[in-house]
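Each chain, letter by letter, is given below.
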Amino acid sequence: MTTELSIGTVRETDRPAHLEATRLNRHTFWCGQSGSGKTYALGVLLEQVLLHTALPIIVLDPNADFVRMSEVRPDAPAEDAATLATRDIRVLSVTPSPAQELLQVRFLDLPGRSRTAILQLDPVLDAEDFHTALEIEADLRGGLDQPLLPYLRSSDDPGRHRIAMRLQNLGVADWQLWAWGGRDVTDVVDERPDATVLDLAGFPTSAEMQAAALAVLDHLWAHRLERVGRLVVIDEAHNLCPPDPSTPLQRALVERIIQIAAEGRKYGIWLLLSTQRPSKIHVNVLSQCDNLALMKTASPRDLGELRELFGYAPEELVSAAPAFGKGQALFAGGFSAEPQLVQMGSRLTEEGGGDVAIPIR
């Protein structure tokens, strides 16, 4: 049994490059500009986690880049392929294929803070409608045998008519996300598969994507005292954790991620955030990351921010990032025995995304 995860070779040598699996119990920042091979490289690491640890992975996947993690490539080594075939990898989507599950959330299972953020209701500024919404939720817990909007409009209560109008104006009642009394994404999370991939790309609105992510993070936080270690991967993290959230729902989501970044480590909720630029992520989350994976980054401003935030990464190696080739990365922090420049290895499973090719006549 090894705690070393093989991720490629040390640059300009044939020496294997490793990361320490036991040090994934820290938050990780994974950064690289478009075309650097960032998503492919992240897949290499996640495959190694699946092969060599029992750490459950939850992937919040806004671009559907990891939806084929259960599909082993035909050129994968036979032993690794056989091992990966035994792993329980679930993919949830709003428009699932036969091999996937439906990604839905029970609205009434969300914390009140999250429900009111979705409805954009303030308990003070919208006190009357806020109270009416609470009454409606109490009624709905007994079940509903008709569509929600007609149910609200059939009432003689003007407050219920206002809530119906709010739901219609926001489009919330028509979201494909809602399970109502059906199976919820958190039911899958509680079954602790080896990997749970949430395909967020299929949602027609960013609000639905944010609400799905918030449901999972709220659930993990509510059950934090169980101290079940989990690696929560937020790919293209700028979609879910921007530095300047602008809506009540976005603010609720960012506040939850900040809370997990600040306090989640001791409860076994470990974040891995992947994005193109550090300036796209809230600084209160970045400042909590003890592991750094840096791929090609040419912006002087970004490099300056990285040097300031991640002082444990040697300045001369960070400064070399503009010259990195595709698939080359600097690893520094707790999960790397020493800072190392790495040429990433090959994927074992299929990529979900990838560049669109130019058609040639």
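Residues numbered from 1 in each chain as written. Predicted model: local features only at pLDDT ≥ 70, side-chain atom pairs only at ≥ 80, totals over all residues. Heavy atoms only, no water.

> Explanation requested: the environment of Ala-207 in the structure shown.
Its location among the elements puts Ala-207 in helix α8 (residues 206-222). The exposure class of Ala-207 is partly exposed, given its relative accessible area of 22%. The sequence separation of Ala-207 and Arg-183 amounts to 24 residues, and the corresponding C-alpha distance is 20 Å. With residues up to four places along the chain from it excluded, the contact list for Ala-207 reads Trp-175 and Leu-249. (Helix = DSSP H or I, 4+ residues; strand = E, 2+ residues; numbered from the N terminus. Buried < 20%, exposed > 50% of the residue type's maximum accessible area, 1.4 Å probe, protein only. Contact = heavy atoms within 4.5 Å.)

> Can you walk me through the side chain of Arg-230 in this structure?
Relative to the helices and strands, Arg-230 is located in strand β8 (residues 230-234). With no salt bridge to any partner, buried Arg-230 finds its closest opposite charge in Asp-190, at an N-O distance of 4.7 Å. Beyond its immediate chain neighbours, meaning those up to four positions away, Arg-230 contacts Leu-55, Pro-56, Ile-58, Val-189, Arg-192, Leu-220, Gly-268, Ile-269 and Trp-270. (Lys, Arg positive; Asp, Glu negative; His and termini not counted. Salt bridge = Lys/Arg side-chain N within 4 Å of Asp/Glu carboxyl O.)

> Help me understand the sheet that holds strand β12 (residues 340-344), please; the structure alone is not making it clear to me.
Hydrogen bonds between backbone atoms are what pair the strands of a sheet, whose relative direction is either parallel or antiparallel. Pairing is mixed across the open sheet formed by 12 strands, whose spatial order is β2-β1-β12-β11-β10-β3-β9-β8-β4-β7-β5-β6. The outermost strands of the open sheet, each flanked by one partner alone, are β2 (16-20) and β6 (101-102). Bridging between strand β4 (residues 57-61) and strand β7 (residues 195-199) involves 5 bridges; their strand directions are parallel. In the strand pairing of β7, Ile-58 is matched with Thr-196. Contacting β1 (4-10), β2, β3 (27-31), β4, β5 (89-93), β7, β8, β9 (269-275) and β12, helix α1 (residues 38-52) runs over the sheet at an angle of about 145 degrees to β1. Packed onto the sheet, helix α9 (residues 248-263) meets β3, β8 and β9 and runs at close to 120 degrees relative to β9. (Pairing = 2+ DSSP bridges. Axes fitted to C-alpha atoms, helices over the stretch in contact; angles between N-to-C directions.)

> Would you mind going over the pairing of β3 with me for this structure?
Along a regular strand, successive side chains alternate from one face of the sheet to the other. Within β3, 5 of the 5 residues are buried, which leaves the element mostly enclosed by the surrounding structure. The two faces of β3 match: His-27, Phe-29 and Cys-31 on one face and Thr-28 and Trp-30 on the other face are all buried. Both β3 and β9 contribute to a ladder of 4 bridges, which runs parallel. Each residue of the ladder has a partner; that of Trp-30, found in β9, is Ser-274.

> Hey, could you run me through unusual backbone geometry in this one?
Keep in mind that most residues, glycine aside, have a negative phi and that most peptide bonds are trans. Of note, the phi angle at Ala-64 is positive, near 55 degrees, even though the residue is not glycine. Looking at the element boundaries, Ala-64 is found in the loop between β4 and α2 (78-85). Judged by relative accessible area, Ala-64 falls into the buried class, the value being 15%. A positive phi angle, close to 45 degrees, is found at Glu-236, a residue other than glycine.

These values are about where atoms sit, not about what they do.
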